[in-house]
Amino acid sequence: MNWEQLLSLKRFGDTNKRLRKEQDETRLGFEVDFDRIIFSTEFRSLQDKTQVIPLSQTDFVHTRLTHSLEVSVVGRTLGRRVGIKLLEKYPHLQSIHGYRANDFGAIVAAAAIAHDIGNPPFGHSGEKAIGEYFKTGKGFGFKDKLTKKQYQDLCDFEGNANGFKILTESRTGREGGLRLSYATLGAFIKYPKESLPKKPTNHIADKKYGFFQSEKLAFQDVVDELGLIKTGSNEDISFSRHPLAFLVEAADDICYTIIDFEDGINLGLIQEEFALEYLINLVRDTIHTKKYNQLSSTQDRISYLRALAINTLINEAVEIFVSNEEAILKGNFKTALLDKSKYEAQINDIIKISIENVYQSDEVINKEIIGYKVINKLLETYITAINNSYNNQESNYDKLILKTLPKGIVRKANDTIYDRLLNVSNYVASLSDSRAILEYKSIEGIGL
């Protein structure tokens, strides 16, 4: 891979090449990507989607929106610092093509702000709930009507693939989705493969999948433009990662590791003394002990440690990326950046205590159970109504249900069963936590 291709400003539908040196410096193409994502309706729904604690009533616990904003901020810093190093190594990128260090930051920031845009309500349990409906629920009955890869798309419903669908799917008046630059789309795709075969290698890029069968052509167009390295067979689509996807992943890893830990402490699920015990090795060289001791509240003390810890891990991720940049360009770097960190043991300790005390707390588990029931009911009701309508067998109840759904959900007469199932799953995934519960209550007649 080479950076000239990887930094492509091309957008869906372009017939002429976009050159960096011809860009308007007051509205750079990569920055337009960020703006388009921020103003999208799909991004807006993240304000009421679970990060860790479903339906939390507190002000300081993170939602998908605040998490995405923080990941973007960290990603921008990572991109800029890496950009400085890369322009020193490849000066022609600036002297001939006009790229600047901030371009790298803008690409990573845009991809990072969108990294959770496809996630369903109720956190990762929402993904599992959609998958379970097709694996063991009533959706299992559609298995024989789908190809193996189509069925796997639904059984392992993946927020990353759904995000790529949101960013690229054409519809009337919005050809090419949000029409982001291909560099940003490439950085967004953490898992550049289809749903089968599952985890064919131990490479981090094969851990999950990054696009549905419905977006296969869009995906192929992006990877061809960027010059990503093909790793799969002729029958199976799989590619190496865009190098900047490692930075998007690192930004996410840094934020959820440290900030979910912080949320747990602020909620009282993790004792404050654990903060210093677990974070001290990350902040030992930067902590100002006198300043720390002057902070009077738990929230302020944890906030201070969190900021120092994030900065430490940013510096570490930049160093690892730059040291391994040539292997990354060849597709030979097989792990997440922080898996190579000298702080890996400390990171794993923090994640372990967060899992035990936060992710598996009664509050989280009880609300995830509710989420499973809500999502299952919505899928069952909407899929039944849409399929009955498609086959001209809808009941009066089905007709009423269809009137509550966006017009785009009921598509063209030549839609396949896969299209219909995926469109409903995509719609349910687009709902905020509160909206999903509201629609569930309406269907069940609760609160009348």
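Rules and cut-offs
For every chain, the first residue of the written sequence is number 1, and numbering continues from 1 along that sequence. pLDDT decides what is reported in this predicted model: residues at 70 or higher carry local features, side-chain atom pairs at 80 or more are listed and counted, and totals for whole chains, interfaces and linings draw on all residues regardless. Remark: hydrogens and water are excluded; side-chain values derive from all non-hydrogen atoms of the structure. Pairing of aromatic side chains requires ring centres within 6.5 Å, counting the rings of Phe and Tyr and the six-membered ring of Trp. Pairs whose planes differ by under 30 degrees are stacked, by over 60 edge-to-face, and all others tilted. Only DSSP runs of H or I covering at least 4 residues are called helices, and only runs of E covering at least 2 are called strands; the numbering of each starts at the N terminus. Per-residue accessibility, obtained with a 1.4 Å probe over protein chains only, is compared with the maximum for each type, and a residue is labelled buried under 20%, exposed over 50%, and partly exposed between these values. Put simply, buried Ala, Val, Leu, Ile, Met, Phe, Trp, Tyr and Cys residues joined by side-chain atoms within 4.5 Å make one nonpolar core. Residue contacts are defined here by distance: any two heavy atoms, one from each residue, within 4.5 Å place the two residues in contact. Only protein atoms enter the 1 Å grid used here. Points where a 1.4 Å probe fits but cannot escape make up a cavity, open sets with protein on both sides within 12 Å along at least five of seven lines make up a pocket, and a residue lines them when an atom lies within 4 Å of a point. Grid points are joined across faces, edges and corners, and a volume is the space filled by probe spheres set on the points. When residues are grouped by polarity, Ala, Val, Leu, Ile, Met, Phe, Trp, Tyr, Cys and Pro land in nonpolar, Asp, Glu, Lys and Arg in charged, and all others, Gly among them, in polar. Lines fitted to C-alpha atoms define the axes, with helix axes restricted to the stretch in contact, and inter-axis angles between N-to-C directions lie between 0 and 180 degrees. The cut-offs work like this: below 35 degrees is roughly parallel, past 145 is roughly antiparallel, 65 to 115 is roughly perpendicular, and the gaps in between are oblique. In a left-handed crossing the near helix is turned counterclockwise from the far helix by less than a right angle, and in a right-handed crossing that turn is clockwise. N or O atoms closer than or at 3.5 Å make up a polar contact, with two conditions inside protein: a donor-capable atom paired with an acceptor-capable one, and, for residues adjacent in sequence, both atoms drawn from side chains. Any Lys or Arg side-chain nitrogen found within 4 Å of a carboxyl oxygen on Asp or Glu counts as a salt bridge.

**Q** What exactly am I supposed to notice about the packing of aromatic side chains here?
**A** Throughout the structure, instances matching the rule amount to twelve aromatic pairs. Arranged with centres 5.5 Å apart and planes meeting at 35°, the rings of Phe157 and Phe212 form a pair that is tilted. Remark: Phe212 occurs in the loop between helix H10 (182-188) and helix H11 (216-226) and Phe157 occurs in the loop between helix H8 (148-155) and helix H9 (159-168); sequence separation between them is 55 residues. In this structure, Phe157 and Phe212 share a single accessibility class: buried. For the ring pair Tyr382 and Tyr427, a centre distance of 5.9 Å and an interplane angle of 65° mean the geometry is edge-to-face. Residue Tyr382 is located in helix H18 (residues 362-390), and its partner Tyr427 is located in helix H20 (residues 417-430); the two are separated by 45 residues in the primary sequence. We note that Tyr382, like Tyr427, is buried.

**Q** Whenever I open this one, the nonpolar core confuses me. Can you help?
**A** It is characteristic of soluble globular proteins that their nonpolar side chains tend to be buried jointly. Residues Trp3, Ile37, Leu78, Leu282 and Leu337 are the most contacted members of the largest nonpolar core, which totals 93 residues. Contact partners of Trp3, with chain neighbours within four places excluded, come to Leu86, Tyr90, Leu93, Phe104, Pro243, Leu244, Phe321, Glu325 and Leu329. Of all hydrophobic cores here, the second largest spans 39 residues; its members include Leu154, Ala161, Ile375 and Tyr427.

**Q** I keep staring at empty space enclosed by the protein and nothing clicks. Help me out?
**A** Rolled over the atoms, a probe sized like a water molecule indicates the empty space that remains. Tallied over the full model, the rule gives one cavity of 30 Å³ or more. What lines the largest cavity is Met1, His203, Ser240, Arg241, Phe246, Ala327, Ile328, Gly331, Asn332 and Phe333. Here the lining of the largest cavity is built from residues that sort into five nonpolar, four polar and one charged.

**Q** Teacher, can you tell me more about the packing of helix H12 (residues 243-266) against helix H13 (residues 272-283) here?
**A** Helix packing geometry: the angle between the two helix axes and the distance between the axes. Packing of H12 against H13 leaves a shortest axis separation of 10 Å and a crossing angle of 160°. Considered as vectors, H12 and H13 are oriented roughly antiparallel to each other. As H12 packs across H13, the resulting crossing turns out to be left-handed. On H13, the residues that touch Ile258, Phe261 and Ile265 of H12 are Glu272, Phe274, Ala275, Tyr278, Leu279 and Leu282. Of the residues that constitute the contact of H12 with H13, the class distribution is eight nonpolar, no polar and one charged.

**Q** Looking at this structure, how should I read unusual backbone geometry?
**A** Across the chain, the bulk of peptide bonds are trans and the bulk of non-glycine residues have phi less than zero. For the bond running from Leu196 to Pro197, omega is -5°, close enough to zero to count as cis. With respect to the secondary-structure elements, Pro197 resides in the loop between H10 and H11. Positive phi, normally seen in glycine, also occurs at Arg179, with a value near 50°. The topology assignment puts Arg179 in the loop between H9 and H10. At Asn392, a position not held by glycine, the phi torsion is positive, near 55°. Secondary-structure assignment places Asn392 in the loop between H18 and helix H19 (396-403).

**Q** Would you mind showing me how to read the side chain of Asn160 here?
**A** One can find Asn160 in helix H9. Accessibility expressed as a relative area gives 12% for Asn160, which makes it buried. Aside from chain neighbours lying at most four places away, what touches Asn160 is His115, Phe188, Lys190, Tyr191, Lys208, Tyr209 and Gly210.

**Q** When you look at the side chain of Thr168 in this model, what are you seeing that I'm missing?
**A** If you trace the backbone, Thr168 turns up in helix H9. What makes Thr168 buried here is its relative accessible area of 11%. Separated by 2.6 Å, the side chain of Thr168 and the backbone oxygen of Phe164 make a polar contact. Excluding residues that lie within four positions of it along the chain, Thr168 makes contacts with Gly176, Gly177, Leu185, Glu215 and Ala218.

**Q** Can you walk me through H8 in this structure?
**A** A turn of α-helix holds 3.6 residues, and therefore any two residues three or four places apart point the same way. When you tally the buried positions in H8, you get seven out of eight residues, the bulk of the element. All buried positions along H8 are accounted for by Lys149, Gln150, Tyr151, Gln152, Asp153, Leu154 and Cys155. Of the surrounding secondary structure, the elements contacted by the buried residues of H8 are helix H7 (124-135) and H20.

**Q** Is there a simple way to explain the pattern of salt bridges in this structure?
**A** Where charged atoms from two side chains of opposite charge approach closely, those side chains can pair. With the rule as written, the count across this model stands at 21 salt bridges. When the shortest N-O distance is used, the salt bridge between Glu215 and Lys165 registers 3.4 Å. One end of the pair, Glu215, is in the loop between H10 and H11; the other, Lys165, is in helix H9, with 50 residues separating them in the sequence. Each member of the pair, Glu215 as well as Lys165, is classed as buried. A salt bridge links Glu249 to Arg241; its shortest N-O distance comes to 2.9 Å. Summarising the burial analysis for this pair, Glu249 and Arg241 share the class buried. Each of Arg20, Glu25, Arg100 and Asp103 takes part in salt bridges that share partners, so that together they form one network.

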